[in-house]
Amino acid sequence: MLLHRPGNELKRLTPRNNDQLLFDSIPWVDRAQEEHDAFAEVLRGRGVEVLLLADALRTALSDTRAHAAGVHAAVDERRLGPDLAVSLRSHLSSAAPATLAEVLMAGMTFEELPAAEGASLVRLMNHPNDFAVDPLPNLLFTRDSSAWIGDRVAVSSLTMPARVRETAVLDLIYAYHPWFRHASRAYGAHSAPIEGGDVMLLSPGVLAIGVGERTTAAGAESLARSVFADGIAHTVLAVPIQQTRATMHLDTVCTMVAADAVVMYPLSRDSLTAFTMRPTDDGSVKVEGPAPFLTAAAEAMGIERLRVIDTGLDPVTAEREQWDDGNNTLALAPGVVVGYERNVETNARLAEAGIEVLAITGSELGSGRGGPRCMSCPIRRESI
């Protein structure tokens, strides 16, 4: 399981930039780290092997080719101008892997740039605390930047400007870390926009892909064609979702909690639809629908129906707990999920339905609107 422990990138958030960097509030970083450490321990306690993204990035950057690619990813000549870009490239080219990794994750301000050599209008006209290299606070949500489908990894083509450079970081890890050098790709990172939070494995060979704020219809179709060509899926459901902050990804609306059960936001239960895509013998894709999501999903999965566990007990509670990632559970095994402890009503309904809930604290981790599923990227799963 790939996780990212909160780091100095979160300390870059201020009331002036947190909206642009996609956070709803300024997290208390020390507490967020404590909460994340506890989350990781819950996973390890259930036999999950945890790989931290920062460790993986430092290891990858020890390869000289990865180091050169990391420098290229960090320096934006269009922002810095040619002279300042050359100076920063020279500085980072001699940096240790750990130093370069920190710049890629936490960014760099103009004040932190190498000492000036000659005049630079860009340096003079920017405030010392402005970013010459943007931080990536959303690295915390490792589900979005890549998704494993079978034994292949899809590196996301991220939509929001604050997250675009995350693609380069994950590309480096999967290309140069010893664990992943031979991993095959399921999707090109420079294809149409798609984010891992919109990609949900319903059952072996069946994927659901949310289409909304972060993933486009072109992205969903491109991923479907890719997994069909690789023979790792036989059905893909494209699921339109509202383009709002509260429902930015499909996994903020519903997640699988057992082989035949989902936890779902009640307001989406009857309105959620799906287009069904399947490969044809001539290599094209057949598209059917739309049909009700729950009906299309059950048919594709080969079951009579999907059990639905609602978020909350009443409309107000449901809306509050959906906003607080009550639907964004992480399934560790059929009937065993990790969820935020603050979603009391949703967790109670899960327990009543026979689902074991491993409750974690998330008062600071949730400030970027993401729950346990968002904060985890499963790499390899045992068959069930």
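The paragraphs below set out a description of the structure included in this document. Everything numeric here is computed off the predicted structure, so don't read it as measured data.

### Description of the sheet that holds strand β10 (residues 235–240)
Then, number 1: Taken together, the five strands give an open sheet; going across it, the order is β8-β9-β10-β13-β14, and neighbouring strands pair in mixed fashion. Two strands in the sheet have a free side with no partner beyond their single neighbour: β8 (199–203) and β14 (285–292). Pairwise comparison of adjacent strand axes, ignoring direction, gives a mean angle of 25° for this sheet.
Then, number 2: Pairing of strand β9 (residues 206–211) with β10, which is carried by six bridges, proceeds in the parallel orientation. Note that in β10 the partner of leucine 207 across the bridge is valine 236.

### Considering the layout of surface pockets
Then, number 1: A volume near 1800 Å³ is recorded for the largest pocket.
Then, number 2: Residue lining of the largest pocket: 49 residues in total, with Leu201, Pro378, Arg380, Arg381 and Glu382 positioned closest to the centre.
Then, number 3: When contributions to the lining of the largest pocket are tallied by element, the ones reaching two or more residues are β5 (146–149), β8, β11 (254–258) and β16 (330–333).
Then, number 4: Considering each element in turn, the lining of the largest pocket owes the most residues, five residues, to β8.
Then, number 5: Of the pockets and cavities examined, the second largest pocket occupies roughly 460 Å³.
Then, number 6: Taken together, 18 residues line the second largest pocket, and the ones lying closest to its centre are Ala73, Asp76, Arg78, Asp134 and Arg165.
Then, number 7: Mapped by element, the contributors of at least two residues to the lining of the second largest pocket are α3 (64–74), α4 (77–80) and β4 (131–133).

### Observations regarding the nonpolar core
Then, number 1: Of all hydrophobic cores here, the largest spans 42 residues; its most connected members are Leu57 and Tyr174.
Then, number 2: Considering every element that reaches this core, the biggest residue donor is helix α9 (residues 166–176), with six residues.
Then, number 3: Not counting chain neighbours up to four residues away, the residues in contact with leucine 57 comprise Ala101, Leu104, Met105, Val169, Leu172 and Ile173.
Then, number 4: Leu3, Leu140, Cys374 and Met375 belong to the second largest nonpolar core, which has 26 residues in total.

Thresholds, definitions, all that
Residue numbers here run from 1 along each chain, matching the order of that chain's written sequence. Since the coordinates come from a predicted model, pLDDT governs what is reported: local features require at least 70, and pairs of side-chain atoms require 80 or more to be given and counted, while whole-chain, interface and lining totals use all residues. In computing side-chain properties, one takes all heavy atoms of the structure into account and sets aside hydrogens as well as water. A pair of strands is labelled paired if DSSP reports no fewer than 2 bridges between them. Numbering of helices and strands starts at the N terminus; helices are DSSP runs of H or I of at least 4 residues and strands are runs of E of at least 2. Where helices are involved, their axes are fitted lines through C-alpha atoms of the stretch in contact, as for all axes, and angles between N-to-C directions lie from 0 to 180°. Both cavities and pockets are sets of points on a 1 Å grid over the protein atoms alone; in a cavity a 1.4 Å probe fits but cannot get out, in a pocket the set is open with protein on both sides within 12 Å along at least five of seven lines, and lining residues sit with an atom within 4 Å of a point. Grid points are joined across faces, edges and corners, and a volume is the space filled by probe spheres set on the points. Put simply, buried Ala, Val, Leu, Ile, Met, Phe, Trp, Tyr and Cys residues joined by side-chain atoms within 4.5 Å make one nonpolar core. Only protein chains enter the accessibility calculation, which uses a 1.4 Å probe; a residue is then buried when its area is under 20% of its type maximum, exposed when over 50%, and partly exposed in between. A contact between two residues is defined here by any heavy atoms of the two lying within 4.5 Å.

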